2 protein chains.
Amino acid sequence: MIILKLGGSVITFKEKPNTANFGAINRLAIEIKRANVKHLVIVHGGGSYGHITAAKYKLHHGFKRPEQLIGIALTQRAMQELNSYIIKALVLKNVPAVPVQPSACTITANGRIKKMNVDPIKQLLKNNIVPVLYGDIVQDLTRGCAILSGDQVVSYLAPKLRAERVILGSDVDGVFKSDPRINPQAELIKEITPKTFKQIFADIGGSTRTDVTGGMLNKIKELIMLSKRGIESEIVNAGKPNIIKRTLLGERGLGTIIHGD
Amino acid sequence: MIILKLGGSVITFKEKPNTANFGAINRLAIEIKRANVKHLVIVHGGGSYGHITAAKYKLHHGFKRPEQLIGIALTQRAMQELNSYIIKALVLKNVPAVPVQPSACTITANGRIKKMNVDPIKQLLKNNIVPVLYGDIVQDLTRGCAILSGDQVVSYLAPKLRAERVILGSDVDGVFKSDPRINPQAELIKEITPKTFKQIFADIGGSTRTDVTGGMLNKIKELIMLSKRGIESEIVNAGKPNIIKRTLLGERGLGTIIHGD
């Protein structure tokens, strides 16, 4: 089975609050339909839906004041809305996709998943239905609430579901030695392993400031954890046509591969 | 804590596919805000959102043919949409309400809940957030899929969460000896106990034909099960202004009370 992450920066316009990129969403739905993977789990990010509201109410610091309650509700509502657009696009392309709300089945402690009920996801896969999860605000045993990034969902699910491939669709071609949006000469890193990660950690920072889930660095950290468990992943550009389709169909090396030493 | 069920016949126009009754939804959101219950769980039905699609794809008979896959996806999408309207109305009235998707945390066997992860719901209640669940299509170990009625969710949650009150908001004043929409002289039954239920069972039938969850009879069956566990419930008219508010504030006897012998 394959786990496909669709980055929030691809499916939304990240600088415009609550604005979905319907063109990208529909194109990706067609690519997913055409790749026709039998057992597929999709996880998507929040982009301008989750992050802006979550940051406004300081939810990445946990739940401390009653005024934040409505912020939790607003962030969840925004994520539900974005998720409904993904589901709608997939269903219109005849992909039997159903939402799986992470906060309905997950408890975290200190921001990390403590317990997640994956039985419904396993049953959906058995029935050839595509579960679609997303970054979400979840209840946290230590902080009251926590932001559960789509990336953490991916790294948690991959070993649980024995994923053969993990594909992260980003808005860049992969991991660069410097920011390619600032420096057009930035060099793409083709492979990362736990050993080479330390140097890369020194070279790159978070991908954007308003990304309450930590940007590219956290993404790689999650994937390094996966690589240590023997699961290879690849960061590719979901913003460019057909990259996701080709990767789903088995092509490797279109972006940055993260694997064990 | 109180569990409040909002019937699909109240929050949608049941004969019109996918048509929400925004007037009723907004009025109920105001009533819920005004009652200001500290620990509240809301469960809503599907009305014209869930039942019509579910019936079209024969999902109440389980999952048998691949053509039904898209029906499962469509029904879930419809329920997600209806749920988003309820959440939106509540949040706009400053009620910190969040969705809890039953199919993300529940597995059934033969149509009955086998396992449901209620930890996120308990944590939400602890943080004074209002979880909003709904009737849903869930994965079923024996039938492939099953329709999980909002009523079954209520009767499952009430003992798990140690509910002090269970309120079912219907589109009629309670349980009648005959159908009040056909016979205006129909007599309202003020109380039902497991002992008196047999006679009532003989007198009344399902409330509507397209209700794939079984109508009023199934509702009472679920509540009789609850009454045997010592939890009293009341069916009241959520279609009439202020009945839900008054019931949430503690008034009893506005509809039909179901309690133990």
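Conventions used here
- Residues numbered from 1 in each chain as written.
- Chains lettered and ligands numbered in written order.
- Predicted model: local features only at pLDDT ≥ 70, side-chain atom pairs only at ≥ 80, totals over all residues.
- Heavy atoms only, no water.
- Buried < 20%, exposed > 50% of the residue type's maximum accessible area, 1.4 Å probe, protein only.
- Helix = DSSP H or I, 4+ residues; strand = E, 2+ residues; numbered from the N terminus.
- Pairing = 2+ DSSP bridges.
- Phe/Tyr/Trp six-rings, centres within 6.5 Å; stacked < 30°, edge-to-face > 60°.
- Lys NZ or Arg CZ within 6 Å of the ring centre and 35° of its normal.
- Core = buried A, V, L, I, M, F, W, Y, C linked by side-chain atoms within 4.5 Å.
- Contact = heavy atoms within 4.5 Å.
- Axes fitted to C-alpha atoms, helices over the stretch in contact; angles between N-to-C directions.
- Least-squares fit on C-alpha atoms with pLDDT ≥ 70 in both.
- Buried area = accessible area lost by both parts, 1.4 Å probe.
- Salt bridge = Lys/Arg side-chain N within 4 Å of Asp/Glu carboxyl O.

### Remarks on the pairing of strand E6 (residues 130–134) of chain A
All names here are of chain A.
Then, in step 1: Counted residue by residue, E6 has 5 buried out of 5 residues, so it is predominantly covered.
Then, in step 2: Summarising the sheet, strand E2 (residues 40–44) and E6 pair through 3 bridges and their orientation is parallel. Of the residues in E6, the one forming a bridge with His44 is Tyr134.

### A closer look at the packing of aromatic side chains
Then, in step 1: Applying the stated criterion to the full structure yields 4 aromatic pairs over all chains.
Then, in step 2: Ring geometry for Tyr49 of chain A against Tyr85 of chain A: centres 6.4 Å apart, planes inclined by 70°, an arrangement best described as edge-to-face. Residue Tyr49 of chain A is located in helix H3 (residues 47–56), and its partner Tyr85 of chain A is located in helix H4 (residues 68–92); the two are separated by 36 residues in the primary sequence.
Then, in step 3: Given a relative accessible area of 2%, Tyr49 of chain A falls into the buried group.
Then, in step 4: Overall, the relative accessible area of 24% leaves Tyr85 of chain A in the partly exposed class.
Then, in step 5: Judged by centre distance (4.9 Å) and plane angle (70°), the rings of Phe22 of chain B and Tyr85 of chain B are edge-to-face. Taken together, the residues Phe22 of chain B in helix H2 (residues 22–35) and Tyr85 of chain B in helix H4 (residues 68–92) connect sequence positions 63 residues apart.
Then, in step 6: Cluster of aromatic residues (ring-pair linked, three or more members): Phe22, Tyr49 and Tyr85 of chain A.
Then, in step 7: Over the aromatic face of Phe13 of chain A sits the side chain of Lys16 of chain A, whose NZ or CZ is 5.1 Å from the ring centroid.

### Concerning the pairing of strand E5 (residues 112–116) of chain B
Then, in step 1: The pairing of strand E4 (residues 106–109) of chain B with E5 of chain B spans 4 bridges and is antiparallel. Each bridged residue has a counterpart across the sheet, and for Ile107 of chain B the counterpart in E5 of chain B is Lys115 of chain B.

### A closer look at the nonpolar core
Then, in step 1: Core analysis: the biggest nonpolar cluster contains 180 residues, and Leu157 of chain A together with Leu157 of chain B have the highest contact counts within it.
Then, in step 2: Each residue touching Leu157 of chain A, except ones within four places of it in the same chain, is listed here: Ile3, Val41, Met116, Val118, Ile121, Leu133 and Arg162 of chain A.

### Observations concerning the sheet that holds strand E8 (residues 144–148) of chain A
All names here are of chain A.
Then, in step 1: On the basis of which strands lie adjacent, the open sheet formed by 4 strands has the order E5-E4-E7-E8 and mixed pairing. The strands lining the two open edges of the sheet, one partner per strand, are strand E5 (112–116) and E8. The average angle at which neighbouring strand axes cross in this sheet is 45°, direction not considered.
Then, in step 2: Of the strand pairs in this sheet, strand E7 (residues 136–140) and E8 are connected by 5 bridges, and their pairing is antiparallel. Paired with Asp136 across the bridge in E8 is Leu148.

### Thoughts on the relation of the copies chain B and chain A
Copy one and copy two of the chain differ by a rotation about a common axis and a shift along it.
Then, in step 1: The transformation that overlays chain B on chain A combines an axial shift of 0.0 Å with a rotation of 180°, and the residual RMSD is 0.0 Å. When the rotation and shift are considered jointly, the pair of chain copies conforms to a two-fold rotation axis. Relative to the rotation axis, the closest C-alpha in chain B is found at Cys105 of chain B, a distance of 2.5 Å.
Then, in step 2: By residue overlap, the copies meet face to face through one surface: 100% of the interface positions of chain B are interface positions in chain A.

### Points about the interface of chain B and chain A
Then, in step 1: Of the residues lining the interface, 39 residues belong to chain B; the matching set on chain A comes to 40 residues.
Then, in step 2: Summed over both partners, the interface of chain B with chain A buries about 3,500 Å², with 63% contributed by carbon and sulfur atoms.
Then, in step 3: Of all residues in chain B, the largest losses of buried area upon contact with chain A belong to Arg77, Gln80 and Gln139 of chain B, amounting jointly to 17% of the total for that side.
Then, in step 4: Run the count over chain B and chain A and you get 2 salt bridges.
Then, in step 5: The salt bridge involving Asp119 of chain A is made with Lys115 of chain B; its shortest N-O contact spans 2.8 Å.

### A few points about the environment of Ile86 of chain B
All names here are of chain B.
Then, in step 1: Residue position: Ile86 is located in helix H4.
Then, in step 2: Residue classification places Ile86 among the buried positions, given a relative accessible area of 3%.
Then, in step 3: Considered as a pair, Ile86 and Ala97 are 11 residues apart in the sequence and their alpha carbons are 8.9 Å apart.
Then, in step 4: In contact with Ile86, other than residues within four places in its own chain, are Ile11, Ile25, His44 and Val132.

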